[in-house]
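Given next are the chains, with one letter for each unit.
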Amino acid sequence: MTDPSKSPNGGWTPRIVAFFCNWCTYTAADLAGVSRLKYSSNIRVIRLMCSGRVDPQFILDAFSRGADGVLIGGCHPNDCHYVEGNYKMLRRFQLLKRMLADLGIEEQRLRLEWISAAEGEKVKRVVNEMTTQIKALGPLGMPEKFRDWDQEVIELAHHVEKSGAAACCCGSAAAPKDSKAEVAHV
Amino acid sequence: MSKPKVAFYWCASCGGCEETVVDLAEDILGVVEKVDIVLWPVAMDFKYKDIESMPDRSIVATLLNGAIRTSEQEEMAVLLRRKSQYLIAYGACAHLGGIPALANQFSREQILKFNYEDCPGMVNERKTRPQLHFEENGCSPHLPEFRNVVRTLDQVVDVDFYIPGCPPTPNLTKAAFDALLSGKLPPKGSVLAPDSALCDECDRKKTKPSDIAFLEFKRPHQALFDPEKCFLAQGVVCMGPATRSGCGAVCTSGNMPCTGCFGPTSRVRDQGAKILSSLCANIGPRDEEGINKVLEGIPDPVGTFYRYGLAKSLLRRKVNLPTSGNGH
Amino acid sequence: MVNFKEDIRIGFYVCHCGHNIAAMVDCPEVAKYVATLPNVVLSRDYKYMCSDPGQELIQMDIREHKLNRVVVASCSPLLHEHTFRSATEAGGLNPFFFHMVNIREHNSWVHTDRKEATEKAKGLSQAAVMRVAKHKSLDVKRVPVNPEALVVGGGIAGITAAMALAKAGKKVYLVEREPSIGGHMAKFDKTFPTLDCAACILTPKMSEVGSHPNITLWSYSEVTKVDGYVGNYTVQVKRKARYIDEDLCTGCQDCITQCVFKEPKFEDLFNEGLGKRKPVYIPFPQATPQIVLIDPEVCLNFKRGIKPGQEPVVSDKCKKTCVEACGEKNAIDFTQKDELEEIKVGTIIVATGFKTFEAERLPQYGYGIYPNVYTALEVERLVNASGPTGGDVILRDGKEPKSIGIIHCVGSRDKKTHVWCSRVCCMYSLKLAHLLKEHTGAEIYNFYIDMRTPGKGYEEFYNQLLDEGNHFIRGRVGEVTDWAVTKEEEGKLVIRVEDTLAGVVRRIPVDMVVLATGLEPQKDAQDVRRLFNMSCGSEGFFLERHPKLAPVNTFNDGVYIAGCCQGPRDIPDTVAQAGAAAAEALALIDTGYVEQEPNTAYILADCCGCKSCIPLCPYTAITYDETTLKAVINEALCKGCGTCVGSCPSGSIVQNLFEDDEIFSEIEGVLAFK
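Residues numbered from 1 in each chain as written. Chains lettered and ligands numbered in written order. Predicted model: local features only at pLDDT ≥ 70, side-chain atom pairs only at ≥ 80, totals over all residues. Heavy atoms only, no water.

In this section: the sheet that holds strand S24 (residues 477-481) of chain C. Working definition: the strands of a sheet are paired by backbone hydrogen bonds and lie parallel or antiparallel to each other. All names here are of chain C. Strand order in the open sheet formed by three strands is S24-S25-S26, and the pairing between neighbours is antiparallel. Here the strands that pair on one side only, and so sit at the sheet edges, are S24 and strand S26 (504-510). Here the average twist between neighbouring strands, direction ignored, is 20°. Bridging between S24 and strand S25 (residues 493-499) involves four bridges; their strand directions are antiparallel. Note on S25: the bridge partner recorded for Thr481 is Val494. (Pairing = 2+ DSSP bridges. Helix = DSSP H or I, 4+ residues; strand = E, 2+ residues; numbered from the N terminus. Axes fitted to C-alpha atoms, helices over the stretch in contact; angles between N-to-C directions.)

Taken together, the contact between chain B and chain A spans 65 residues of the former and 55 residues of the latter. Buried area between chain B and chain A, summed over both chains or domains, comes out near 5,700 Å², and the portion from carbon and sulfur atoms is 59%. A per-residue breakdown of the area chain B buries against chain A is headed by Arg286, Leu315 and Val319 of chain B, which together make up 13% of the total. On inspection of chain B and its partner chain A, the count reaches five salt bridges. With its nearest N and O atoms 2.7 Å apart, the salt bridge here joins Lys274 of chain B to Asp55 of chain A. Applying the counting rule to chain B against chain A returns 21 residue pairs in polar contact (both at pLDDT 80 or more). Only helix H3 (48-52), helix H4 (71-83), strand S6 (146-151), helix H9 (271-281), helix H10 (288-295) and helix H11 (301-305) of chain B provide two or more residues apiece to the side of chain B that touches chain A. Taken together, the residues of the side of chain B that touches chain A sort by class into 30 nonpolar, 15 polar and 20 charged. (Contact = heavy atoms within 4.5 Å. Buried area = accessible area lost by both parts, 1.4 Å probe. Salt bridge = Lys/Arg side-chain N within 4 Å of Asp/Glu carboxyl O. Polar contact = N/O pair within 3.5 Å; in protein donor to acceptor, adjacent residues only side chain to side chain. Nonpolar A, V, L, I, M, F, W, Y, C, P; charged D, E, K, R; others polar.)

Let's shift gears to the environment of Glu81 of chain C. Relative to the assigned elements, Glu81 of chain C resides in helix H3 (residues 77-90). Glu81 of chain C sits in the buried class, given a relative accessible area of 11%. C-alpha of Glu81 of chain C to C-alpha of Phe98 of chain C: the two residues are 17 residues apart in sequence and 8.6 Å apart in space. With sequence-adjacent residues up to four places away left out, Glu81 of chain C is seen in contact with Arg47 of chain A together with Phe98, Met100 and Glu597 of chain C. (Buried < 20%, exposed > 50% of the residue type's maximum accessible area, 1.4 Å probe, protein only.)

Next up on the list: the domain arrangement of chain C. If you check the domain split of chain C, you get domain 1 (10-138), domain 2 (149-224 + 342-354 + 525-593), domain 3 (241-337), domain 4 (356-520) and domain 5 (601-656). A C-alpha centroid distance of 66 Å is found between domain 1 of chain C and domain 3 of chain C. (Domains from an automatic or database assignment.)

The interface is formed by 24 residues belonging to chain B together with 24 residues belonging to chain C. For the pairing of chain B and chain C, the buried interface totals around 1,900 Å² over both sides, and the portion due to carbon and sulfur atoms is 50%. Among the residues chain B hides against chain C, the three largest losses belong to Lys205, Arg267 and Lys274 of chain B. Together they make up 30% of the total. Linking chain B with chain C are three salt bridges. As a salt-bridge pair, Arg269 of chain B and Asp661 of chain C come within 3.3 Å of each other at their nearest N and O atoms. Summed over the shared surface of chain B and chain C, the number is 17 residue pairs in polar contact (both at pLDDT 80 or more). Class assignment of the residues belonging to the side of chain B that touches chain C gives a composition of nine nonpolar, six polar and nine charged.

One pass over the structure, following the stated rule, counts 75 salt bridges over all chains. A salt bridge links Lys88 of chain A to Glu84 of chain A; the shortest N-O distance between them is 4.0 Å. Across the pair Glu595 of chain C and Arg142 of chain C runs a salt bridge, and its minimum N-O distance is 3.4 Å. You can see Glu595 of chain C sitting in strand S30 (residues 593-596) and its partner Arg142 of chain C sitting in strand S5 (residues 141-144), a full 453 residues away along the chain. Taken together, the shared-partner salt bridges connect Asp150 and Glu152 of chain A together with Glu74, Arg108, Glu145, Arg147, Arg151 and Arg316 of chain B into one network.

For the rest of this paragraph, the subject is the sheet that holds strand S12 (residues 232-239) of chain C. Residue and element names in this part refer to chain C. One open sheet holds the three strands; their spatial order is S11-S12-S17, and the pairing between them is antiparallel. The outermost strands of the open sheet, each flanked by one partner alone, are strand S11 (221-229) and strand S17 (339-345). Within this sheet the neighbouring strands show an average axis-to-axis angle of 20°, counted without direction. By the bridge criterion, eight bridges tie S11 to S12 in an arrangement that is antiparallel.

Ranked by internal contacts, the top residues of the largest apolar core, which has 204 residues, are Phe19 of chain A together with Leu153 and Phe305 of chain B. Sequence-distant contacts of Phe19 of chain A, defined by excluding residues within four places in its chain, comprise Ile46, Leu48, Val54, Phe58, Val70, Leu71, Ile72 and Gly73 of chain A together with Ile663 and Ile667 of chain C. Among the nonpolar cores identified, the runner-up in size contains 87 residues, and Ala149, Val226, Phe266 and Val298 of chain C belong to it. (Core = buried A, V, L, I, M, F, W, Y, C linked by side-chain atoms within 4.5 Å.)

Counted under the stated rule, the structure contains 19 aromatic pairs over all chains. Their ring planes at 70° and their centres at 5.3 Å tell us that Trp420 of chain C and Phe541 of chain C sit as a pair that is edge-to-face. Linking Trp420 of chain C in the loop between strand S21 (403-410) and helix H11 (425-440) with Phe541 of chain C in the loop between helix H13 (525-531) and strand S29 (559-561), this pair joins segments that are 121 residues apart in sequence. Comparing Trp420 of chain C with Phe541 of chain C, the two get one shared label, buried. Grouped by ring-pair contacts, the aromatic residues Phe19 and Phe58 of chain A together with Phe664 of chain C constitute a single cluster. Sitting above the plane of the Tyr33 of chain C ring, Lys122 of chain C keeps its charged end 5.4 Å from the centroid. (Phe/Tyr/Trp six-rings, centres within 6.5 Å; stacked < 30°, edge-to-face > 60°. Lys NZ or Arg CZ within 6 Å of the ring centre and 35° of its normal.)

What follows is about helix H12 (residues 458-467) of chain C. Residue and element names in this part refer to chain C. Of all the positions in H12, only Tyr458, Phe461, Tyr462 and Leu465 are classed as buried. An end-on view of H12 places all buried positions within 100° of arc, on one side of the element. The inward-facing, buried residues of H12 contact H11, strand S23 (471-474) and helix H14 (571-591). Positive phi shows up at Gly469, right after H12, with a value of about 85°. (Arc of directions from axis to C-beta.)

Bringing the environment of Lys320 of chain C into the picture now. Mapped onto the secondary structure, Lys320 of chain C falls in the loop between strand S16 (293-294) and helix H9 (321-326). Setting aside residues no more than four positions away along its own chain, Lys320 of chain C makes contact with Asn301 and Phe334 of chain C.

Before going further, it helps to examine the pairing of S12 of chain C. All names here are of chain C. Adjacent in sequence and paired antiparallel, S11 and S12 are bridged by two residues, among which Gly231 carries a positive phi angle near 90°. Pairing of S12 with S17, which is carried by seven bridges, proceeds in the antiparallel orientation. Within S17, the position partnered with Val237 by the bridge is Glu341.

Residues and elements named next belong to chain C. Within the structure shown, the criterion is met by two disulfides over all chains. Residue pairing for Cys197: its cysteine sulfur links by disulfide to Cys200, the two sulfurs lying 2.5 Å apart. Its torsion about the S-S bond being 85°, the disulfide of Cys197 and Cys200 is classed as right-handed. Cysteine Cys638 is unpaired, with the sulfur of Cys644 as its nearest cysteine sulfur at 6.4 Å. Its relative accessible area of 17% is what places Cys638 among the buried residues. (Disulfide = S-S within 2.5 Å.)

The subject of this paragraph is the side chain of Asn271 of chain C. Relative to the helices and strands, Asn271 of chain C resides in the loop between strand S13 (266-268) and strand S14 (275-277). Within the structure, Asn271 of chain C has its side chain in polar contact with the side chain of Arg381 of chain C (distance 2.6 Å).

In contact at an axis separation of 8 Å, helix H2 (residues 56-64) of chain A and H9 of chain B are set at 145° when each is read in the N-to-C sense. When H2 of chain A is examined against H9 of chain B, the residues Pro56, Gln57 and Leu60 of chain A are found in contact with a partner set consisting of Ala273, Lys274, Leu276 and Ser277 of chain B.

Another aspect to go through is the domain arrangement of chain B. Residue and element names in this part refer to chain B. Structurally, chain B comprises domain 1 (5-99 + 147-182) and domain 2 (198-312). Computed from C-alpha coordinates alone, the two centres of domain 1 and domain 2 are separated by 30 Å. Counting residues at the interface gives 17 residues for domain 1, matched by twelve residues for domain 2. The junction of domain 1 with domain 2 conceals about 1,100 Å² of combined surface from both sides, 64% of it contributed by carbon and sulfur atoms. The largest contributions to the domain 1 side of the interface with domain 2 come from Leu96, Ile99 and Thr169, which together make up 40% of the buried area. On inspection of domain 1 and its partner domain 2, the count reaches one salt bridge. When the shortest N-O distance is used, the salt bridge between Lys312 and Asp154 registers 2.7 Å. For the interface between domain 1 and domain 2, the tally reads four residue pairs in polar contact (both at pLDDT 80 or more). Residue contributions to the side of domain 1 that touches domain 2 peak at three residues, all from helix H5 (residues 92-96). Residues belonging to the side of domain 1 that touches domain 2 are distributed by class as follows: seven nonpolar, eight polar and two charged.

If you want it as structure tokens, here you go:
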């Protein structure tokens, strides 16, 4: 068993979840393989029929489960196998990246790229670029954050269970930092 | 045979949920007749000790409203969970985080600093903040800790059922009581409301065109609305399609768009993501500039799409806020 | 079929693919890891999963270990998903209880660290194992294939493909944009290396196409719209107005003789602008169909100054001697308009050919500046007995050349223009060298970078040319200039080149320069690609589904490609490829049906009827049911993109094979890593 956030060589390395459309970008990634192009191994591709199928829930779910970046690959404008699924994704992406910024997720963590079936080289470039950018940003680490956020709840629950819920509600909390002893209501 | 024991409790909430219980009107008498209310801070005086001394699982059902923001609320939630057979998250705040969970966009420090220092009208030259412990007149009281994160009830304790709404409507409350008293309960974890979205019961549905293409979004204060026509057809963000029905479409009947208080259907994990997906996909323009022009009409997507559901969303909170440390 | 309440029993197989995967991924280690995952009852690594023993292994295990789910980690699902689904089905399971993990194209072939690649393989496998647990039994729908076929482009590729299909008894529509079929080959004089007369071998084929009862030939027509899917395409063809009733014209060409223009005075494009034609014309003597046409831009009976794209307006100002000449046949119709025809076909072969590189783009070679600089295609017409000069090589200045320089690789093998080798230029340059020498007896200089003569009899032809006393100078020509340095250079074109074999810079004065222009995609290749839902390679030629194993297939099932629209190639290769495309189409037609991937979407009863999904469907498969007040999807129209599913605000649309829960499990799986 390995620590998910550690590469086998030790040290953190980003995890990028990619949603590639079947017709263009997934095929481009196949082409990159057939052409034996080399790129960083941080990407995990999930195949969908069309970038229009990419539900923003998938993106948020990937982040919340530990993805440091999410890459969406679709056909170039006007080239969608399903006419215009890629435009639907583009529109979602425009608002989603703004919303994610409001929620503190850096813009580079979510990327939408048009990669045609012939652009194996672009798969390589985009994956390498994104890996470098996210390495510079550091881990997003949502699962660790959730654990950290909930530490306060877990501690209290333990305390309540153990003490049979004694009157003290914050016995484990830190002592006052300063000497101002006045009371203000919460 | 003694009547089943029922408890009501409130945490981080506005009190509106309590109103709903009162809004049962004559029906409340029927309820009161059939149950023993063992805890109801808004109406009757009970002490913490009274609850603590009750045997575990001796309360049949506790309806808890409000989000969980302080250590005291957490403690009460844990206690009531232990004392109750059924713990019911009552109302949007307990269910989804509600309006209080919008505070998950800010750190504890930002909130305390604003409220005790920067807020207009605040006079607090010594910048005093609430303390967890202090000594006064020989006593050493404790105050609850203000947590880093606003939580839904089920992020703190196990929850059996959810009654949605801000506030829940009397009909849903009554139906829940009826189910509880008759023992005809759905599977654990159910939201006690229909599982289709609001449009199902909205009168305006028939006016929605099937070829919508948004060219602009207006906010409710920016226009006068046709009282009959679908809000989305009028370019107003209405959360109806992404929101569970069961309220009887009270807001849209009152000429206000749905803001999503019933939360998503059981098939959706993140209400905001879904309405975003639907609205954006239906935008008219195809070029980035045109798309963004339309999207200017949604200046605050978090506040619009997660007005009640931020705590329950997949990310729960602005992710880069301090995760620990004492802000007091 | 497996009951859902039953325990999930997954069999997992990781393929070594010889060394292709095993060299970079520790397959036994992956198998060992997957064995520890929930629901996995069997986990193996095997040398070649796609081999017969590999497939039998799956079938045997399904029976012996009561597997009800199968996961294979090997190559791309686009390659072998079908193979393993079939094996799963042969083992007695619904084929959709299978899921495939791509650890070759997406892993072993693109990564360099064995540990990382192994970890990635584990993550991807775990995702598949978690996903497959949610899979449901699905039925494949069979849709009949319309036996009629469409061939687009009437060059040698289209002609060959159409004939192959017609001979097999299939009805074929052959649509050609130009007034006649024949394509580029019809312009050539001879063909290399055998020096067959192009017309002699092509003309019989053209007339065969023109008269075959199974072929509907629509020349001067263009495909404007394609709808539908494999086996059932609806195609709209614009039949451009010729101002001649095709059924009435006998090809007597009396109208041409009697035209009020006594002499031809308009640019003849078939002859690369070297000759002239009249407003009413037939492109070349052997044109098929033998039907004339009228050019409204120059015909006196039409108004001048009509903007491009606008419909021609009849002026009625001409004496119309042509109509007189036509007499009772009454075939001329100035009121004719473009017509749109709709046809239904099951398969489509796209053979839209190429265009030659525009020599003006390399001004250093002087094309368009010095009249005696020609492109190779112009020379093809010049040496052609039915060409503008009747086969005499007379230069634009009226002289016969005594010395000729042929510059190879114009617009090929050059980062500034096109990087690819156009494959035919070396050989056609040799052919033209031979023909020019034969016609003029001139000294011929070939300037080449490398001589590329792979092909049956090609190297021998090169040797023949060497023996014939042609000069070969290795080096990319720097420029063609009329700036004479010596007396003997005066009045000549001087080719400046570094002779890389001799290591000197040479100046070679010649009378005529021939530019061996390369092949490039048609100008409207991108539009055509969109029309037929194909892809283009980065250079702009249509992209085959697989460079080796599916060279005539495209990513759109039922649409095949042949000839130079897929990339530069010579006539033998084009003909072979056209045959292959026809064979693929025939295989589909004779199978009689296609199996549709059951990845369509359906709407749950919980739909609230918000109608948000309806405008999102590009195929209008979603409608609003006024009785139930909910949306419904017409499965026959749904193509399975899933856009409506991703957009349904209440999560009430489900896509088979790509259900939300399946994707969420996959996300969870790739991020679980342990």
